[in-house]
Amino acid sequence: FLCTFIWICNIRSIQIGKPGIIQNKQQRYLIGGSTLDNNNKNNTPIYHIHHLMSLLLVVKTLTVGLESVRYHYIKFTGHAQVWSFLYYAVNFIKSMFLFSTVLLIGSGWSFVKPYLNAREKYVLLAVLILQVLDNIALILLDSETEKGERKYDDWSAILHVLDILCCCAVLIPVVWQVNSLQNALEDDHDDDEDKEDNDKDNNNNNKNTPTNESPSLEEDDTNHRRDQERALSKLRLFRTFYIIVILYIYCTRIAVYLFATILDYRHTWLSPFYIEFVTLFFYISIGLSFRPGNTNTNNAGYSKIVQQQRDEDDNYENNTNEIEMGKME
């Protein structure tokens, strides 16, 4: 609840032109100082993904609260059908928001580009469909069987594997985004080397001819270097995000089951506590990395990345259309 409150207050403060709660001094100046027009909402460094992250935190808070109330009624009355229904419904929505948010962040939506390509849409659709089936199956499994039964254990293992596959599918757009940023930087570096070689040749041919560089050219070079630094920061950011997601998947989908095998019946509460602790760390890490006002998440500048990704998307769609036409023929 505290994390949700701080996150929403931070976004609200930035929206009205005040310094954010979780910003450093430089970012406070950029947000609350004279570099941004507070009356112009287009200059506010808050994207749609930030509001989606806010909804995820709200739904997660409701899920934890409903789960605690559910266990409270089970402890004193032995049943909690209404609260169980509410918990499963909100937990289902939370799963949809979680996978959608992680996938959208990994694809660079809002932070790098304002759209999703066809491949990313297919991955998002597939993950959401699998999550719907997985959550419905878990609800039916809890209502029709009891823990300890062989049928319950077998189906739980199958659904757990399905959940791991969904988590692995979320990593695919992150890999695509990292490769796109890296390829754009490499191509830009090659272009700079070719430009430097051409400048050296021109200087050798015109040694005796005085030359005066235009201030506009110097300004363009400065802006270009600044864009390169921003793109390099984005590359590091998405690589860190990739590592954080892998650690989260391993800790909450694999390591927790290995940890549960060494616990006796008096310490089984440590398993869900471990999951919630890792989840809290995951939410805080992603929130700090992609917080509003972070200069690394600013989508301004370095349009070459977006243009290159558009070209890749166009080539992918053209190849797909050619394959479909070939099958029809």
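Up top is the structure.
The shown structure was predicted, so the numbers you read here are calculated from the model rather than taken from an experiment. (Residues numbered from 1 in each chain as written. Predicted model: local features only at pLDDT ≥ 70, side-chain atom pairs only at ≥ 80, totals over all residues. Heavy atoms only, no water.)

Caption draft 1: Here's a closer look at the nonpolar core. The biggest cluster of nonpolar side chains holds 47 residues, and the ones touching the most others in it are I49, I105, V127, F241, F282, I286 and F290. For this core, the elements supplying multiple residues, two or more each, are α1 (2–15), α3 (48–77), α4 (81–107), α5 (118–144), α6 (150–205), α7 (215–260) and α8 (270–289). The greatest single-element share of this core, amounting to 10 residues, is contributed by α7. If near-sequence neighbours (up to four positions away) are discounted, V127 is found in contact with F99, L103, C166, A169 and V170. In this structure, V59, Y87, Y88 and V90 belong to the second largest nonpolar core, which totals five residues. (Core = buried A, V, L, I, M, F, W, Y, C linked by side-chain atoms within 4.5 Å. Buried < 20%, exposed > 50% of the residue type's maximum accessible area, 1.4 Å probe, protein only. Helix = DSSP H or I, 4+ residues; strand = E, 2+ residues; numbered from the N terminus. Contact = heavy atoms within 4.5 Å.)

Caption draft 2: Spatial organisation of the packing of α3 against α8. Following both chains from N to C, one finds α3 and α8 inclined at 165°, their axes separated by 12 Å at the closest point. In this view, α3 runs roughly antiparallel relative to α8, as classed from their interaxial angle. Considering only the axes of α3 and α8, their crossing is left-handed. In contact with M53, L56, L57, K60 and V64 of α3, α8 contributes E276, T279, Y283, I286 and G287. By residue class, the composition of the contact of α3 with α8 is six nonpolar, two polar and two charged. (Axes fitted to C-alpha atoms, helices over the stretch in contact; angles between N-to-C directions. Parallel < 35°, antiparallel > 145°, perpendicular 65-115°, else oblique. Left-handed = near helix turned anticlockwise from the far one by under 90°. Nonpolar A, V, L, I, M, F, W, Y, C, P; charged D, E, K, R; others polar.)

Caption draft 3: Highlighting the side chain of T101. Structurally, T101 is set in helix α4. For T101, a relative accessible area of 3% translates into the label buried.

Caption draft 4: Looking closely at α5. In this model α5 runs 39 Å from its N-terminal to its C-terminal C-alpha over 27 residues, within 8% of the 39 Å that 1.5 Å per residue would give. Taken together, the buried positions of α5 are A118, E120, V123, L124, V127, Q131, D134, N135 and L141. Between the side-chain oxygen of the N-cap and the backbone nitrogen of R119 there are 3.3 Å, and the N-cap of α5 in question is N117. (Expected span 1.5 Å × (residues − 1). Polar contact = N/O pair within 3.5 Å; in protein donor to acceptor, adjacent residues only side chain to side chain.)

Caption draft 5: Representation of the packing of α4 against α8 in the model. Where α4 meets α8, the axes come as close as 13 Å, and the angle between the chain directions of the two elements is 40°. Relative to α8, the element α4 is oriented oblique. The handedness of the crossing between α4 and α8 is left-handed. Touching K94, L98, V102 and I105 of α4 are F282, Y283 and I286, all from α8.

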